[in-house]
Structure formats: structure tokens, C-alpha cells
Amino acid sequence: MKTQYYAATSLDGFIATEDDSLDWLFPLGEVGQSSYPEFIAEVGALAMGATTYEWMMRNADKVIAEVGSAWPYRQPTWIFTSRKLPAIEGADLRFASGDVRRVYADMQAAAGGKNIWVVGGGDLAGQFYDAGLLDELILQVGSVTLGKGRPLFPRRVLSPVLSLTSMRQIGTSMAELRYDVHKTALE
């Protein structure tokens, strides 16, 4: 079981524009060409930040067009927020706030031996990293630059913490990079 941050990023390290748009991402490739189908099959629970969750609610029509329902996940999902947010009907959601360590054991139990996916955003992934709970980064790097926006991973991480384990070209517009997080280097 791993805790993984699987995300798409621009070449200059942003996961969304300043106004939380992901429109830059969609023209870059098809989900079926990526590792996503294999990845999601091994996910037992998700952690999602409030901004990502709100994007999904605002873009329900795009989500429905892509997967056929307003909520694309069968796995239990923890939404980390300090605000009261509406639930999406039919989704297995658990709202949480504060330190990610407080609910991590519950997430592991719900995952049933499968992986935990830190969906986004970058700061939430950073909180898992800060707590020593992040095992792997899987980054789909797109052939675009945004100039500014929401950072991929707003933390300072110096070698030898991250170790590149694989890289793969996805079509002509993306590359996937996988990094293990060496926790002994954090101590």
C-alpha cells in the first residue's frame, strides 16, 4: 500500500491556472493513453482538497461527459476543507479538516490494502509529505507553460529525497515521471 500524489502539471510546475482552470490540460491527450486506468484500479481511497472538489462540482457537465456521472470515483474520498461544502449525491464522501494524520488510519482502513491517492491540490500533497505519509509522486508533465497558477508541490524538496524510478512518453504532448519519496532522507 502506497500513498501517491498523481497529478498533471505544466512544464513550469503548475497544476491549474490562477482561476483554477484545467482547460490547458484537456487538449494534451486521452486518459486511456496514460497510466490512469491501471493506476485507479489500485486505488482504495482518495484525499482531495476543497479547491479540487469545488472544481469538480463547477465542472460536473465535463465530468459527466467524460465518465457518465457527476462523481467519477467508487472509492471513499476524504475532502479536506475548513469550510462547509455540499455533498455530491451518490459519492462516498467524508469531510475532514486539520492535520492529515488525524484521518490517515481511517483512510488506510478504508483502502483495504490498496493505495491512497492524493488527488490534489499541491498543498494537500505537501501536507502528506510534511507528515511523512507520502510514498510516491506520479507526474504527467504536459507540453505547455502557464506562467503562473496553482503550484504542483509548494514545498522545498532537495536531493536525495526524491528518486526517479521511471519515465514514459505519452503521445507527443506528455511525459510521465515517477518518483519514490525516501523517508529516511527526511529525518
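Located above this text is the structure these notes cover.
Given the structure is predicted, the values throughout are model-derived calculations rather than measurements. (Residues numbered from 1 in each chain as written. Predicted model: local features only at pLDDT ≥ 70, side-chain atom pairs only at ≥ 80, totals over all residues. Heavy atoms only, no water.)

### Quick notes on the packing of helix H2 (residues 50-58) against helix H3 (residues 60-67)
Keep this limit in mind: In this analysis, axes come from line fits to C-alpha atoms, helices being fitted only over the stretch in contact, and the angle between any two N-to-C directions falls in the range 0 to 180 degrees. The secondary structure listing takes helices from DSSP runs of H or I that are at least 4 residues long and strands from runs of E that are at least 2 residues long, numbered from the N terminus. Note on terminology: angles under 35 degrees are roughly parallel, angles over 145 are roughly antiparallel, angles of 65 to 115 are roughly perpendicular, and the others are oblique. The contact rule is simple, with two residues in contact once any of their heavy atoms fall within 4.5 Å. Throughout, the ten residues Ala, Val, Leu, Ile, Met, Phe, Trp, Tyr, Cys and Pro are labelled nonpolar, Asp, Glu, Lys and Arg are labelled charged, and all others, Gly among them, are labelled polar.
The interhelical angle for the contact between H2 and H3, taken along N-to-C directions, is 75°, at an axis separation of 5 Å. As the angle between them shows, H2 and H3 are arranged roughly perpendicular. Contacts between H2 and H3 involve Trp55, Met56, Met57 and Arg58 from the first element and Ala60, Asp61 and Val63 from the second. Class assignment of the residues belonging to the contact of H2 with H3 gives a composition of five nonpolar, no polar and two charged.

### Some details on the sheet that holds strand E9 (residues 162-170)
The test is simple: Paired strands are those between which DSSP finds at least two bridges.
One open sheet holds the eight strands; their spatial order is E5-E4-E3-E6-E1-E7-E10-E9, and the pairing between them is mixed. Each of the sheet's edge strands pairs with one partner strand only, and the pair in question is strand E5 (93-96) and E9. Each adjacent strand pair in this sheet contributes to an overall mean axis angle of 20°, direction not counted. As paired strands, strand E3 (residues 43-49) and strand E4 (residues 77-80) are joined by four bridges and run parallel to one another. Within E4, the residue paired with glycine 49 across the bridge is phenylalanine 80. H2 rests against E3, E4, E5 and strand E6 (115-120) of the sheet, and its axis sits at about 95° to E3.

### Details of unusual backbone geometry
Defined as follows: Exposure classes here rest on a 1.4 Å probe applied to the protein chains alone. A residue is buried below 20% of its type maximum, exposed above 50%, and partly exposed in between.
Glycine 120 connects to glycine 121 through a cis peptide bond whose omega is 5°. Along the chain, the position of glycine 121 falls in the loop between E6 and helix H5 (122-130). Despite not being glycine, aspartate 20 has its phi angle at roughly 65°, a positive value. Relative to the assigned elements, aspartate 20 resides in the loop between strand E2 (14-16) and helix H1 (36-41). Residue aspartate 20 is classed as buried on the basis of its relative accessible area of 16%.

### Observations regarding H2
In an α-helix there are 3.6 residues to a turn, and that puts residues three or four apart on one side. For H2, every residue scored as buried is listed here: Ala50, Tyr53, Trp55 and Met56. On its buried face, H2 sits against E3, H3, E4 and E5.

### Let's talk about the environment of glutamate 89
Here glutamate 89 lies in the loop between E4 and E5. Each C-alpha atom of the pair glutamate 89 and alanine 70 lies 8.3 Å from the other, and the pair is 19 residues apart in sequence.

### Here's the deal with the pattern of salt bridges
Rule in force here: Counted as salt bridges are all cases of a side-chain nitrogen of Lys or Arg within 4 Å of a carboxyl oxygen of Asp or Glu.
Considering all chains together, one arrives at 11 salt bridges under this definition. Residues aspartate 130 and arginine 155 are paired through a salt bridge, measuring 2.9 Å at the closest nitrogen-oxygen approach. Remark: arginine 155 occurs in the loop between strand E8 (150-151) and E9 and aspartate 130 occurs in helix H5; sequence separation between them is 25 residues. One connected set of salt bridges, linked through shared partners, spans Lys2, Glu136, Glu176 and Arg178.

### Side note on the side chain of threonine 9
Inspection of the secondary structure puts threonine 9 in strand E1 (residues 3-9). When neighbours within four sequence positions are excluded, threonine 9 is seen to be in contact with Phe14, Trp24, Gln140, Val141, Gly142 and Leu152.

### Some points on the pairing of strand E10 (residues 174-181)
As paired elements, strand E7 (residues 136-142) and E10 share seven bridges and run antiparallel to each other. Note that in E10 the partner of glutamine 140 across the bridge is glutamate 176. Here E9 pairs with E10 via eight bridges, running antiparallel. Bridging across to E10, glutamine 169 finds its partner in alanine 175. Hairpin remark: E9 followed by E10, antiparallel, with three residues in the connecting loop; positive phi at glycine 171, about 60°.

### Quick notes on the environment of glycine 147
Mapped onto the elements of the fold, glycine 147 is located in the loop between E7 and E8. Residues contacting glycine 147, with those up to four places away along its chain left out, are Asp12 and Phe14.

Bear in mind that shape data such as this cannot, by itself, settle questions of function.
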